[in-house]
Structures are given as structure tokens and as C-alpha cells.
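Report on the structure
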Amino acid sequence: MLQTGYRANKMIQTQQLDAIRQRLADDIEHAELLKETSLSNIYLLTGRQKYVLKENKNGSIRTEYDNHQRIFDIWSRHKETAEFHVPKLYFLSDDESFYIMEYITEAIELKNVLPMQSEKALDIYNRTGRCLRQYHEMMTEEIVDHRMDIQNHPPIAQLIAGKNGKRLKEILSKFDAECYQIIFKDFTFSNVMVDTKNKVYLFDFQKIEYYAPFYYDLARFIDTLKVFTILEHPMFAIRRWPLIKKAAERFIEGYGKPMDQTLLQSMQSLHRKEHVSEKYRKGLLKAMTLKLLYTFL
Ligand SMILES: Nc1ncnc2c1ncn2[C@@H]1O[C@H](COP(=O)(O)OP(=O)(O)O)[C@@H](O)[C@H]1O
Ligand SMILES: [Mg+2]
């Protein structure tokens, strides 16, 4: 019997559950809302095994499902040498509103690792850097068609067309061809989980074809690590700021490429503009807060 551990307005309908049970060949007994983000509802389904159902709030989730499948297939072919993991997919629903994937058991989001297990967390951040390098190299080798230049990413294209566009073009022109890789694009500490055996999982493959200087993923990771730790764990951020900085450094070290600090800072300034411009869609106050925080970092 299905238990109602989820909120009434976010119910998975009984007919849907019957179809899910059939397709998984598992008698799902329990469904609960695990997480809600601005874009998705994430449910935990429990039968003989545990699964995650990811539902898009705004229409079809097919592109993300196809991206995830493509990354999973590539990863499967290289998994002996890869230190990171990708959750396995089960299926996309007929109406394309959700898909079902492997539940990453007893894992925590990287964003909660620092406040929970501070010193040990530095090693995890270091490993995350190594995993990102492997992801870049693996995907750059495999994703060769339909690469999209980062300048065509709509928010960046818009900024380039705007009043500071010349400056942003200048920033991008500083990076030579060798820096270009297939990037993760939304490489934040919310899209990385670590399980009890310290296995690193990457997920949430919204954009897999952006071709950009690898500095982009590093810049986004460091910037979001700092601002979201301040916003979500303010007391911890105040008390342990040196540790947060250290985590960013260990992450960069783990990435393991000779790093030009000036290029990294230039990419951070581009990323911060993009991030703030994106936030305007969520409201003026949020965008202004982010802008203010970035002026202090
Ligand atoms: N396969 C999974 N196993 C366990 N938890 C997951 C899984 N997928 C997502 N989550 C949890 O749900 C959160 C949001 O998932 P995510 O795919 O990043 O959604 P969004 O696209 O809305 O950011 C993650 O940060 C993580 O806490
Ligand atoms: Mg996410």
C-alpha cells in the first residue's frame, strides 16, 4: 500500500504509480518528496530497491534525460579508469514529465560536506577536482559533434550584445584553443554527491555540449561554493572562512592543470556577471544580494 509521505499537492498519481511499478517490475510501496528545487521535484520511491523520480515543473524533461543517457553511456565505456560515477537511468515517462534513475544511497550533497565534516571534506573537494578533470577529458574526446561555443549560451550571448559586451569578448579572447573542453556547465556543489564510501557522483546534465575554456567550470564551482555557503550556512561561513577558501584551493589542486590565476580571475568576473544576470529572472532582490556578495569576494 502506498504511504502518503509526500505533500498532497505534489502527489504522484495512483495510475502513474501503477505504470511505474510495471516498468520497474518492482512493487513500489512508498513515495516521498525528497527535494524541491526551482525547476524540479525529486521523489524517493521505495520498493525492493530505491529509485529517484525527477519531475520537471515546466514541461518536458526529455533533453535532460537524453543528455544523462549519453553521458552515462560514455562513462560506462570508461568506468574502469574513472573515479566519478553517474546514476543509472531506468526510463523516461511517456508524457516526458519525469524520469527514473538510481538512488544514490546514503549520499550527501557536496554542499553539505564542509559544514558536516570539515577537515576530511578537503580531501573530497580535492577528489572532486580530479573527477571534473576526468569528466572534461572523457567528454571532450567523445562529444565531437554539435559542440556549442560558450559565447552562444543565451545569457552570455545577451551580455556580449549588451553595454559591457566588448569587455566580455576581450576576456574570452584571452583563452587559447588548448584551454577549450566540453564543460559540465552547471558544475556546482549541488550537482555532486558523495556516498558513505566517499564515491563521487555527478548528475543533473542540463547542458552537455558547451565548448569553453575549462576555467569556466572551475570559476562557477568556486564562486557558487563561496556565495551559497554564505547564504545557506552563514554562521559556518563566518567562523570557517579560511576552510572554505582552502576547499576551493584543494579543488583547483585536484583538477591538476597548471593554473593561470589571472585567467581564472577573468573567468570568474565573466561568470559572476552571467550569474547575476540569470538571478534577475528570480527577482531583483535576489540579484542585488548576489551582486553585493560578489563585490566582497
Ligand atoms: N539520484 C539521486 N539520488 C539521490 N539524491 C538525488 C538524486 N538526484 C537528485 N538528488 C537530490 O536532489 C537534488 C536536486 O536534483 P537535481 O537533479 O540537481 O535537480 P535540479 O535540476 O532541479 O537542480 C540534488 O541536489 C540531490 O540532493
Ligand atoms: Mg541541480
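Residues numbered from 1 in each chain as written. Chains lettered and ligands numbered in written order. Predicted model: local features only at pLDDT ≥ 70, side-chain atom pairs only at ≥ 80, totals over all residues. Heavy atoms only, no water.

**Re the overall build of the protein**
A tally of regular secondary structure across the protein gives eleven helices and 13 strands. Whereas a compact globule of 297 residues would reach a radius of gyration of roughly 19 Å, the protein reaches 20 Å, a difference of no more than 12%. The C-alpha extent of the protein, read off along each of the three principal axes, is 60 × 45 × 45 Å. Counting the 297 residues in the protein, one finds 52% classified as buried. A fraction of 68% describes how many contacts in the protein between residues 6 or more apart in sequence connect residues 24 or more apart. Here the protein has roughly 14,900 Å² of accessible surface; of this, 51% comes from carbon and sulfur atoms. (Helix = DSSP H or I, 4+ residues; strand = E, 2+ residues; numbered from the N terminus. Rg over C-alpha atoms; globule rule 2.2 N^0.38 Å. Buried < 20%, exposed > 50% of the residue type's maximum accessible area, 1.4 Å probe, protein only. Contact = heavy atoms within 4.5 Å. Areas by Shrake-Rupley, 256 points an atom, 1.4 Å probe, with all protein chains shown as cover.)

**Observations concerning the sheet that holds strand β11 (residues 192–194)**
Hydrogen bonds between backbone atoms are what pair the strands of a sheet, whose relative direction is either parallel or antiparallel. With mixed pairing, the four strands of this open sheet are ordered in space as β5-β12-β11-β8. With one partner strand each, in any of the chains shown, β5 (84–85) and β8 (108–109) form the two edges of the open sheet. Inspection of the sheet shows β11 paired to strand β12 (residues 200–202) by three bridges, in the antiparallel sense. Bridging across to β12, V194 finds its partner in V200. (Pairing = 2+ DSSP bridges.)

**Brief notes about helix α11 (residues 284–296)**
Compared with an ideal rise of 1.5 Å per residue, which puts 13 residues at 18 Å, α11 spans 19 Å between its outermost C-alpha atoms and is within 8% of the ideal. Among all positions of α11, only A287, L290, L293 and Y294 are buried. Down the axis of α11, the buried set is contained in an arc of 125°. They therefore lie on one face. Away from the buried face of α11 by more than 90 degrees, exposed residues L284, L285, L292, T295 and F296 are located. In the core, the buried residues of α11 are packed alongside α7 (215–232) and α10 (261–279). (Expected span 1.5 Å × (residues − 1). Arc of directions from axis to C-beta.)

**Notes on the coordination of the magnesium ion (ligand 2)**
Donor atoms from the polypeptide that coordinate the magnesium ion (ligand 2) comprise N191 (OD1) and D204 (OD), at 2.2 Å from the metal. Of this pair, N191 sits in the loop between β10 (180–182) and β11 while D204 is found in the loop between β12 and β13 (210–213), placing the two residues 13 residues apart along the sequence. In this pair, the class of N191 matches that of D204, namely buried. (Donors = N, O, S within 2.8 Å, 3.2 Å for Na, K, Ca; no water.)

**Overview of the site of ligand 1**
Neighbouring ligand 1 are 17 residues, the closest being T37, S40, K54, E102 and E109. Separating an oxygen atom of ligand 1 from a backbone N or O atom of S190 is a distance of 2.9 Å. A distance of 3.1 Å is found between an oxygen atom of ligand 1 and a side-chain nitrogen or oxygen belonging to Q206. Surface burial for ligand 1 is 93%, taken as the share of its 550 Å² of free accessible area covered by protein chains. Counting residues per element, the ones that place at least two in the shell around ligand 1 are β3 (40–46), β4 (50–56) and β7 (98–102). Among the residues making up the shell around ligand 1, the classes are represented as seven nonpolar, five polar and five charged. Taken domain by domain, the makeup of the shell around ligand 1 includes at least three residues from each of domain 1 (3–102) and domain 2 (108–296). (Near = heavy atom within 4 Å. Polar contact = N/O pair within 3.5 Å; in protein donor to acceptor, adjacent residues only side chain to side chain. Nonpolar A, V, L, I, M, F, W, Y, C, P; charged D, E, K, R; others polar. Domains from an automatic or database assignment.)

**Overview of the pairing of β4**
Burial runs high along β4: five of the seven residues are buried. Connecting β3 to the next strand, β4, in antiparallel fashion are three residues. Bridging between β4 and β7 involves five bridges; their strand directions are antiparallel. Within β7, the residue paired with V52 across the bridge is M101.

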